[in-house]
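Survey of secondary and tertiary structure
Here's the letter readout for the chains.
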Amino acid sequence: MKLTIRILLCMVATTMFFSSCGNRKGSRNTAPVEPEAMQVVTDSYFQAIDRYFTNEVAPQYVPAGHCIIYHDYASVDDSNPDDIQVLGDFWVENYDIVGDTLMFVSGGNHAGKMHVKKDSAGNYFAPGLDAVGDGSEFLPTARAIFGDRFDEFQKANSDHVLREKIRKAAISEYVYKNHLGVKYYKDYGWPAVRIPNP
């Protein structure tokens, strides 16, 4: 069966996953749009993806105390249970707490196709990402990887307003789930942004 998720806003019921990476934790924030039974499976896919980004990708950036993972686009093809393919526009962001503020330290965008499989115990894991290239390689590799979903991906990837709404929702859920005593998040050189209630 082929399952597609179009992420529009992440301000509604969310599922979070936390895994350690040094002293970092990862989270997923997405708007469930599929039937209840399918959400459980889909959440497992994204938990595996969160683990991959938290454990394999986040440490490649300047380290920080907290890691938040989110995505502004995802499309899942689970027609082959031995190689579930998740197209996504994934974001990895590392933060430190300074007073009442989450200060952005490092991170970036990792668009591409994630492969999700099951281990011998039946648990999902993500062995790797077919990543979209940088610079002049971005468009040709994105077209090759996303195929007939390229236009959907490009629309989400270029929508900075939507991404910031999703990011804010992901930060809000992370702060709430981890009981952090912070009220704002801040990027270097930009004003602090109030963190809304989840």
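Since the structure is predicted, the reported quantities are computational estimates derived from the model, not experimental observations.

Scoring rules and cut-offs
Residues numbered from 1 in each chain as written. Predicted model: local features only at pLDDT ≥ 70, side-chain atom pairs only at ≥ 80, totals over all residues. Heavy atoms only, no water. Buried < 20%, exposed > 50% of the residue type's maximum accessible area, 1.4 Å probe, protein only. Helix = DSSP H or I, 4+ residues; strand = E, 2+ residues; numbered from the N terminus. Pairing = 2+ DSSP bridges. Phe/Tyr/Trp six-rings, centres within 6.5 Å; stacked < 30°, edge-to-face > 60°. pLDDT = per-residue confidence, 0-100. Contact = heavy atoms within 4.5 Å. Salt bridge = Lys/Arg side-chain N within 4 Å of Asp/Glu carboxyl O.

Another point: the pairing of strand β2 (residues 66–77). With 11 of 12 residues buried, β2 lies mostly within the body of the structure. Note: β2 against strand β3 (residues 84–98), 10 bridges, orientation antiparallel. Opposite Ile69, over in β3, you have Val92 as the bridge partner. Turn length for the β2-β3 hairpin, with the two strands adjacent in sequence and antiparallel, is 6 residues.

So, about the packing of aromatic side chains. Considering all chains together, one arrives at 9 aromatic pairs under this definition. Here the aromatic rings of Tyr95 and Phe104 are separated by 5.8 Å at their centres, their planes lie at 80 degrees, and the arrangement is edge-to-face. The exposure class assigned to Tyr95 is buried, which follows from its relative accessible area of 0%. Ring centres 4.0 Å apart and planes at 10 degrees place the aromatic pair Phe146 and Phe153 in the stacked group.

Taken as a whole, the chain shows an average pLDDT of 82; of its residues, 78% reach a score of 70 or greater. Taking the mean pLDDT of every element in the chain, the minimum, 41, falls on strand β1 (residues 2–5) and the maximum, 98, on strand β6 (residues 184–186). Below a pLDDT of 50 lies the segment residues 1–40, which in the model reaches 124 contacts outside its immediate sequence neighbourhood of four places, other chains included.

Our next topic: the pattern of salt bridges. Evaluated as defined, the whole model comprises 6 salt bridges. Asp72 is the salt-bridge partner of Arg163, the closest N and O atoms lying 3.0 Å from each other. Within this pair, whereas Arg163 is found in helix α4 (residues 160–177), its partner Asp72 is found in strand β2, the two being separated by 91 residues in sequence. Accessibility assignment for this pair places Arg163 and Asp72 in one class, buried. The salt bridge partner of Arg167 is Glu164, with a shortest N-O separation of 3.4 Å. Linking Arg167 with Glu164, this pair stays in helix α4, spanning 3 residues, or about one helical turn. On the accessibility criterion, Arg167 (5% relative accessible area) is buried. Here Glu164 falls in the partly exposed class, since its relative accessible area comes to 29%. Where salt bridges share partners, they join Glu93, Glu164, Arg167 and Asp187 into one cluster.

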